[in-house]
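# An overview of the molecular structure
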2 protein chains.
Amino acid sequence: MSVYTSVSNDDMQAWLQRYALGELVELKGIAAGITNTNYFVTTTHGRYVLTLFEVLQLAELPYFLKLKSHLSRHGVACPAPIADHNDQFASLLSGKPACLVSCLHGSDVSAPNAAQCRAVGEMLAQMHLAGATFPLRMDNPRGPAWWAHTASTLYDAMPAADAAMLRDEIAFQASHRFDFLPHGVIHADLFKDNVLMDGDRIAGFIDFYYACNDILLYDIAIAVNDWARLPDGSIDDTLASALLAGYQTVRPLSTSEADAWPVMLRAGALRFWVSRLLDFYQPASGELTFTKDPGVFQQLLAAHRQRNSFWL
Amino acid sequence: MSVYTSVSNDDMQAWLQRYALGELVELKGIAAGITNTNYFVTTTHGRYVLTLFEVLQLAELPYFLKLKSHLSRHGVACPAPIADHNDQFASLLSGKPACLVSCLHGSDVSAPNAAQCRAVGEMLAQMHLAGATFPLRMDNPRGPAWWAHTASTLYDAMPAADAAMLRDEIAFQASHRFDFLPHGVIHADLFKDNVLMDGDRIAGFIDFYYACNDILLYDIAIAVNDWARLPDGSIDDTLASALLAGYQTVRPLSTSEADAWPVMLRAGALRFWVSRLLDFYQPASGELTFTKDPGVFQQLLAAHRQRNSFWL
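Residues numbered from 1 in each chain as written. Chains lettered and ligands numbered in written order. Predicted model: local features only at pLDDT ≥ 70, side-chain atom pairs only at ≥ 80, totals over all residues. Heavy atoms only, no water.

As recorded in an unreviewed UniProt entry, chain A goes by the name Homoserine kinase, listed as coming from Vogesella aquatica. Recorded in UniProt under Catalytic activity (unreviewed entry), the annotation for chain A is "L-homoserine + ATP = O-phospho-L-homoserine + ADP + H(+)". UniProt lists a comment for chain A under the heading Sequence similarities (unreviewed entry), and it reads "Belongs to the pseudomonas-type ThrB family." (UniProt positions renumbered as here; feature names shortened; annotations may be inferred.)

Put into structure tokens, the structure is as follows:
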């Protein structure tokens, strides 16, 4: 359940007057998402999604909301934030930063097929191209400096073999940086639960709150690591190839990117292994924390470290 | 038929590569509209409307396209222009300025009911509020200076009684200017054929190519003059009241605006009487001209000049 902050119909109706969206018809909590509070908001004009941000502050939102607006304006499938009469995408509601976005018609898939993986790759490439004209910038807060620092706080608590593997991978990544590869706006968290599908078509990428400026190939690695990962932690070659093929119909990868691919897959696995280790060993206080198994990404990283063929 | 400029599938597919919209599936001419060429464009991502501008030049488009983008971003029902990878809304296709916009689901109505008139009034007010933060400006090219000059070229060709009425109305309007009334972005041509309805809901305002900065009340008068006008040229009080009531749920009119209303209705009728007289007496050469009956607006103006009650 993800309604942490309650909004009354009266408060919603009053807040809606900031917008050109008509009058409130229905307000209904959405039982999905683990970080923010979400509602479906039906007005006399249409249906929207209300998000109340439980962690992010109002001043932190412009990069993410302006990015979604920019991508939507370029036809990339994602929710379009609605601006209010002050030309702002967010303001306080029930004491929390809040925004309204257009409502997409689709749902996430837990076991994608190859056509869906191909569509995800294609749309991801479109997102990378459309991001090229986005004027704001944000460094990746979960990059190498973050994982090295975070790992240093975890080694003592971890089993020795796991700690050794983590140390070794962080050192390996530090010796393989690819700052010369194409950079741009990346989603950085394009897991299966952050894509709404309508059959084999992308209804929309959602949850852009890890988006930042980083290496484009790293974004593809993060997506492949989730979309093509089987329940046992191994990678399905057909799904991985389909995602990469879809991507390359729009933006063919260079030889340098192909060379960097195996290391980038490891980097993508490392980043989520570290964040899950952090949640596991140092859970944040409060009711908002859902601990996911770090072992999945350790297995995946181990598989990537042993593997020699990478579908490119 | 309104496909003046033909676009081949190959040309369309090549031009589509400027956008993040996937590959061409179908291109189909639209037999509506009298000024521009329109196509439905279906891609692997969705359905869009292509407009090729037959008269407007590329440099004239930003005001109109950025306005539609601004209004759409604020939730006002209208087509959203799609930006290309150069972050532009328009570029040349088959030698004409061309743009793609989102496809709306609705159709125009020829005999609206009161609920539809109310919805049009409400959305028009939302458009006026949302327009307040639009940064670009354009003077009304069809304002008092235009109608006075245009009329001066028509008097000699017109029957004496009609010319006398036209002279008198232009003098009357010149003695009643309302520059102190609320200004803003107006549609300036919100006739029934420029609104797509989905039942009693507004699917979208379209055809913003007369939009400009002018008196908001004038925009309402233009809308009432068409939406509430019966086939015999008289105004249906119920429809006019419904449109005004819908408008005022969002932006109540001031006493000054209510006082100016009868004169503004006459101004709205005058502007279209003059443009139709111009088309009638001085038809532009070429196949793009459809001459509409100027008499409708003369009748309407005559009715407004005699009437004393104005639903406000």
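There's plenty left to go through after this.
## Some thoughts on the packing of helix H3 (residues 114–130) of chain A against helix H7 (residues 237–250) of chain A
Residue and element names in this part refer to chain A. Interhelical geometry of H3 versus H7 gives an angle of 35° and a closest axis separation of 7 Å. Two packed elements cross with a definite hand, and for H3 against H7 that hand is right-handed. Mapping the contact onto sequence places Ala114, Cys117, Arg118, Val120, Gly121, Glu122, Leu124, Ala125, Gln126, His128 and Leu129 in H3 and Thr238, Leu239, Ala242, Leu243, Ala245, Gly246, Tyr247, Thr249 and Val250 in H7. (Axes fitted to C-alpha atoms, helices over the stretch in contact; angles between N-to-C directions. Helix = DSSP H or I, 4+ residues; strand = E, 2+ residues; numbered from the N terminus. Left-handed = near helix turned anticlockwise from the far one by under 90°. Contact = heavy atoms within 4.5 Å.)

## Points about the packing of aromatic side chains
Residues and elements named next belong to chain A. In the structure shown here, the tally under the stated rule is 20 aromatic pairs over all chains. Centroid distance Phe53 to Tyr209: 5.2 Å. Interplanar angle 80°. Geometry classified as edge-to-face. Taken together, the positions of Phe53 in the loop between strand E3 (47–52) and helix H2 (62–73) and Tyr209 in the loop between strand E8 (201–205) and strand E9 (212–215) put the pair 156 residues apart, joining distant regions of the chain. An identical accessibility class is assigned to Phe53 and Tyr209; each is buried. The structure contains a cluster of three or more aromatic residues connected by ring pairs, namely Phe53, Tyr63, Phe64, Phe134 and Tyr209. (Phe/Tyr/Trp six-rings, centres within 6.5 Å; stacked < 30°, edge-to-face > 60°. Buried < 20%, exposed > 50% of the residue type's maximum accessible area, 1.4 Å probe, protein only.)

## Digging into the interface of chain A and chain B
With 27 residues of chain A at the interface, the matching set in chain B holds 27 residues. Across the chain A to chain B interface the summed buried area is about 2,100 Å²; carbon plus sulfur atoms make up 47%. Counting the contacts that link chain A with chain B gives two salt bridges. One salt bridge in this structure joins Arg73(B) and Asp87(A), with 3.4 Å as the shortest N-O distance. Along the contact surface separating chain A from chain B lie 12 residue pairs in polar contact (both at pLDDT 80 or more). Elements represented by at least two residues in the side of chain A that touches chain B include exactly H2 and H3 of chain A. Broken down by element, the residue count for the side of chain A that touches chain B peaks at five residues, all from H3(A). The residue makeup of the side of chain A that touches chain B, split by class, is 11 nonpolar, 11 polar and five charged. (Buried area = accessible area lost by both parts, 1.4 Å probe. Salt bridge = Lys/Arg side-chain N within 4 Å of Asp/Glu carboxyl O. Polar contact = N/O pair within 3.5 Å; in protein donor to acceptor, adjacent residues only side chain to side chain. Nonpolar A, V, L, I, M, F, W, Y, C, P; charged D, E, K, R; others polar.)

## Some details on the relation of the copies chain A and chain B
Rotating chain A by 180° and moving it 0.0 Å along the rotation axis overlays it on chain B with an RMSD of 0.0 Å. Such a combination of rotation and displacement between the chain copies is what one expects of a two-fold axis. In terms of proximity to the rotation axis, the leading residue of chain A is Arg73(A), whose C-alpha is 4.4 Å off the axis. When the interface residues of chain A are mapped onto chain B, 100% of them again fall at the interface, so both copies present the same face. (Least-squares fit on C-alpha atoms with pLDDT ≥ 70 in both.)

## A look at the sheet that holds strand E3 (residues 47–52) of chain B
Residue and element names in this part refer to chain B. Read across the open sheet, the five strands follow the order E1-E2-E3-E5-E4; overall the sheet is antiparallel. Two strands bound the open sheet, and with one partner strand each, they are strand E1 (24–29) and strand E4 (91–93). The average angle at which neighbouring strand axes cross in this sheet is 35°, direction not considered. Across six bridges, strand E2 (residues 37–43) lies against E3 in antiparallel orientation. Note that in E3 the partner of Asn38 across the bridge is Thr51. Of the strands in this sheet, E1, E2, E3, E4 and strand E5 (96–102) touch helix H1 (residues 9–16), which is tilted by about 125° from E1. (Pairing = 2+ DSSP bridges.)

## What to know about the nonpolar core
Core analysis: the biggest nonpolar cluster contains 91 residues, and Leu166(B) and Ile220(B) have the highest contact counts within it. In terms of residue count, the dominant contributor to this core is helix H8 (residues 255–281) of chain B (12 residues). Per-domain counts for this core show at least three residues from each of domain 1 (9–102) and domain 2 (114–306) of chain B. Not counting chain neighbours up to four residues away, the residues in contact with Ile220(B) comprise Leu124(B), His128(B), Leu243(B), Leu244(B), Tyr247(B), Leu253(B) and Trp261(B). Membership of the second largest hydrophobic core comes to 90 residues, among which are Val195(A), Leu244(A), Leu270(A) and Val274(A). (Core = buried A, V, L, I, M, F, W, Y, C linked by side-chain atoms within 4.5 Å. Domains from an automatic or database assignment.)

## What to know about the domain arrangement of chain A
Residue and element names in this part refer to chain A. Its domain assignment divides chain A into domain 1 (9–102) and domain 2 (114–306). Look at where the C-alpha atoms of domain 1 and domain 2 centre, and you get two points 27 Å apart. At the junction of the two partners, domain 1 supplies 20 residues and domain 2 supplies 24 residues. Roughly 1,900 Å² is buried in total at the junction of domain 1 and domain 2, and carbon and sulfur atoms are behind 77% of that figure. Class assignment for the residues of the side of domain 1 that touches domain 2 results in 13 nonpolar, four polar and three charged.

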